[in-house]
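# Summary of the model geometry
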Amino acid sequence: MIPGRRDVFQMLAAMIATVAIRRRAAAASDDTSLVAISSMEFVGRAYLAEYGTSQIIAALAHDPALEILRSGQSHSMLLRRAKQDFADGNIVLVDGWMLSRTEAHICALAALQSTASDDQ
Amino acid sequence: MFVDARTVAQGASIETGICIIGAGAAGITLARSLRSAHVPVVLLESGGLEFDAATQDLDAGLMTGLHNYPTDVSRLRYFGGTTNHWAGTSRPFEASDFHPQPSIPLSGWPIALEDLSPYYRTAQEICQLGPFDYSTSYWFQKIGQSPPAFDPARVHPTIFQISPPTRFGEVYRNDLKDEENVTVYLNANAVDLQAVADASAIERIHVATLGGPSFSVRPKYTVLAAGGLENARILLLSRGVQPNGLGNTYDVVGRYFMDHPYFPAAGFVTFATLDPPLPLMILGVKASPVAAFATLANAAKPDGTAGFQVLIQGMTRIITGVDSLKTVASSLSNLTTPDHLWDHIQAIIRDRDAIADNAYRTIMRSRQSPFLASGVGLPIQAASLDVLLEQVPNPASRVILSKERDALGQNRLALDWQFTDVERRTYQHAIEMAALEFGRLGLGRVKIKPLPQDGWPSDLMGANHHIGTTRMSDDPKTGVVDRNCRVHGINNLYVAGSSVFPTSTFANPTLTITAMSLRLADELRKQIS
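Note that the structure is predicted; figures quoted are calculated from it, not measured. (Residues numbered from 1 in each chain as written. Chains lettered and ligands numbered in written order. Predicted model: local features only at pLDDT ≥ 70, side-chain atom pairs only at ≥ 80, totals over all residues. Heavy atoms only, no water.)

Turning to the sheet that holds strand 16 (residues 398–405) of chain B, a few remarks are in order. Across the sheet, three strands lie side by side as 4-17-16 (chain B); this open sheet has mixed pairing. Since the sheet does not close on itself, it has two edges, and those belong to strand 4 (62–63) and strand 16 of chain B, each with one partner. (Pairing = 2+ DSSP bridges. Helix = DSSP H or I, 4+ residues; strand = E, 2+ residues; numbered from the N terminus.)

Following this line, the structure appears as structure tokens:
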């Protein structure tokens, strides 16, 4: 089951940290250059475009990370899972960024949710 | 003592025990070490005690390969040689550097680390470095911090020490000035090594001066210590007996030229925390508190890859406007619109001071501009990841003689710097290993700059380390000198410097050049006795 929009956006703060977006740093230096990547939707859209929407949707259905997301378990579990992805080499390159597959999937989900919301 | 070669009588012939050609790190170390050998030593230096443009022009050459590699900028032709602009970065080679790597042709050395170890400690002192300890435990303990727990199977912090740096020509000038046994001829250019008829020995060295007399030196032993490019050039120019150059029976002289390919900004990391816990490892605005720093180096070398270092250049600002401007300009010149145009415009507006800074420094050829603060004191929030590679031996990468002549009528050199697929794979491996570890440790995420499909990036640089052109090998078909640095087939001709290194490793060469020179001095003492 695909998690709901609220579930996805509850994860944004945690995953923003995961993708190393330093909003505080950006603000301190009057720099918002990473706003693009800080947008989960932006990363998700890039991921979908580079790897194919249908393939990723199929993969999402089998990703245990989304079950963690849906069940509202702790963010730290997802962060641990992302770190484990890097340990295992379970990564994807999105617009040149090396991301864990878990966080890429969550970004893709954010993009899909956003698109669905726009369509409604 | 010092003698200006321009005052020597035209046609004079100077007898000596040992003649060293070139007064850089290798030549000066040899001359100092041989002071006690009870044999007269002549040290020929092309330049004087200070930089001179006309002499420096003798180093100018042509580039026919990768990268605009100005051969008269990457080295210096006056007393002290290239140590006159040495940055001082030092590290000894590791035992594994001497071992052959099955997947890399012509890897490995004919000697082992144990052969060099006795000389490294003295070399460390000569290079005015700290304790001869390059362990991470020593240096991190010294600053009371620990590095992140990098997976040792992927990358590991690797310590480099920083020399003041030692300007050999200044620090050791008086040693030679006051030494009766050593005569330093300044402004003396060795232009031809004249061998006996069967090329088994050198009998005379022809010396020329710019606009002055020419004369000769008749040594019992000769050491070429003129640098990684010039050593090969002098052998190739010495064609009196062997038409292809001395020591070049098997067409090896000048081949296997290596440097350390340097890729600035191969990756860009945004950190998860300000001032991330990377002690000794953040370079740039966060200078090391001690005379050492660490880079991330390769652990194992997977088949078909070589060694590498990843250097973390800390950034207190994240600037994308300059790249955005280039992207927009490039697209507009092709009459297209770039993707994410609005993002680029925002970045250009936001980073206008950085763009002005960049333009000012480019136009004014200045290191500083009034447009951008240095960032010193601000927290680190990102870093550029620079990658430096070990280049592997490649016979197609070489120094040859061009048809152009210098002021002494000698053929200028032409440098054809070439890579193989190994460098391409190693680049990819290096930046991927770093990115994986930054992610695994939760330090941040890395954006990887891919290599062009064909060729190499335009910002590729060399490290001005000229290696391999008279490489060491037990087999004269694959090397110019033997394990004692003697030119194969020529009894009294030796070579010093990084041109004898058969592989480049990832470490800077000067400390090892100095250690190898001490070892060669021992060998010459044995020969003399």
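Next comes the rest of the account.
It is worth spelling out the side chain of Arg154 of chain B at this point. With respect to the helices and strands, the residue Arg154 of chain B is situated in the loop between helix 4 (136–143) and strand 6 (155–162). Owing to a relative accessible area of 11%, Arg154 of chain B belongs among the buried residues under this scheme. Of the polar contacts made by the side chain of Arg154 of chain B, one reaches the backbone oxygen of Phe86 of chain A; its length is 3.0 Å. Beyond its immediate chain neighbours, meaning those up to four positions away, Arg154 of chain B contacts Phe86, Ala87, Asp88 and Gly89 of chain A together with Ala297, Asn298, Ala299, Phe308, Met433, Leu436, Glu437 and Arg440 of chain B. (Buried < 20%, exposed > 50% of the residue type's maximum accessible area, 1.4 Å probe, protein only. Polar contact = N/O pair within 3.5 Å; in protein donor to acceptor, adjacent residues only side chain to side chain. Contact = heavy atoms within 4.5 Å.)

What follows is about empty space enclosed by the protein. All names here are of chain B. For the structure shown, the criterion picks out two cavities of 30 Å³ or more. Residue lining of the largest cavity: Arg77, Asn189, Ala190, Val191, Glu230, Arg233, Ile234, Leu237, Asp406, Leu408 and Gln410, and that is the complete set. When residues in the lining of the largest cavity are grouped by element, the largest group, four residues, is from helix 7 (residues 230–237). A per-class count over the lining of the largest cavity returns five nonpolar, two polar and four charged. (1 Å grid on protein atoms, 1.4 Å probe; cavity = no way out; pocket = protein on both sides within 12 Å on 5 of 7 lines; lining within 4 Å. Points joined across faces, edges and corners; volume = space filled by probe spheres on them. Nonpolar A, V, L, I, M, F, W, Y, C, P; charged D, E, K, R; others polar.)

Interhelical geometry of helix 8 (residues 75–88) of chain A versus helix 11 (residues 421–440) of chain B gives an angle of 155° and a closest axis separation of 8 Å. Here helix 11 of chain B runs roughly antiparallel to helix 8 of chain A, going by the angle between their axes. Judged by the twist between their axes, the crossing of helix 8 of chain A over helix 11 of chain B is left-handed. Residues Lys83, Phe86 and Ala87 of chain A of helix 8 of chain A pack against Ala435, Leu436, Gly439 and Arg440 of chain B of helix 11 of chain B. Tallied by class, residues from the contact of helix 8 of chain A with helix 11 of chain B come to four nonpolar, one polar and two charged. (Axes fitted to C-alpha atoms, helices over the stretch in contact; angles between N-to-C directions. Parallel < 35°, antiparallel > 145°, perpendicular 65-115°, else oblique. Left-handed = near helix turned anticlockwise from the far one by under 90°.)

Further remarks concern the environment of Tyr427 of chain B. Residues and elements named next belong to chain B. Residue placement: Tyr427 occurs in helix 11. Remark: the alpha-carbon pair of Tyr427 and Ser163, spanning 264 residues in sequence, is separated by 28 Å. Each residue touching Tyr427, except ones within four places of it in the same chain, is listed here: Phe263, Ala266, Val387, Leu389, Lys449 and Leu451.

This paragraph deals with the nonpolar core. Membership of the largest hydrophobic core comes to 138 residues, with the highest contact counts inside it found for Ile20, Leu44, Tyr185, Leu193, Ile205, Ile312 and Phe438 of chain B. Those residues in contact with Leu193 of chain B that sit more than four places away from it in its chain are Ile21, Ile202, Arg204, Ile205, Leu224, Ile234, Leu235, Ser238, Leu246 and Leu493 of chain B. Ranked by size, the runner-up nonpolar core spans 26 residues in total, among them Trp97, Ala104 and Leu109 of chain A together with Met315 of chain B. (Core = buried A, V, L, I, M, F, W, Y, C linked by side-chain atoms within 4.5 Å.)

The next thing to look at is helix 7 of chain B. Residue and element names in this part refer to chain B. Among the eight residues that make up helix 7, eight are buried, leaving the element largely enclosed by the rest of the structure. Listing the buried residues of helix 7 in full gives Glu230, Asn231, Ala232, Arg233, Ile234, Leu235, Leu236 and Leu237. The secondary structure elements touched by the buried residues of helix 7 are strand 2 (13–21), strand 8 (189–195), strand 10 (214–224), strand 16, strand 17 (411–416) and strand 19 (493–495).

All names here are of chain B. Cis geometry marks the peptide bond from Pro164 to Pro165, where omega comes out at 5°. With respect to the secondary-structure elements, Pro165 resides in the loop between strand 6 and helix 5 (168–171). Backbone geometry at Asp275 places phi at a positive 45°, although glycine is not the residue there. Note that Asp275 resides in the loop between strand 11 (262–271) and strand 12 (282–284). Judged by relative accessible area, Asp275 falls into the partly exposed class, the value being 38%. A positive phi angle is found at Leu280, which is not glycine, with a value near 65°. Structurally, the position occupied by Leu280 is in the loop between strand 11 and strand 12. Owing to a relative accessible area of 6%, Leu280 belongs among the buried residues under this scheme.

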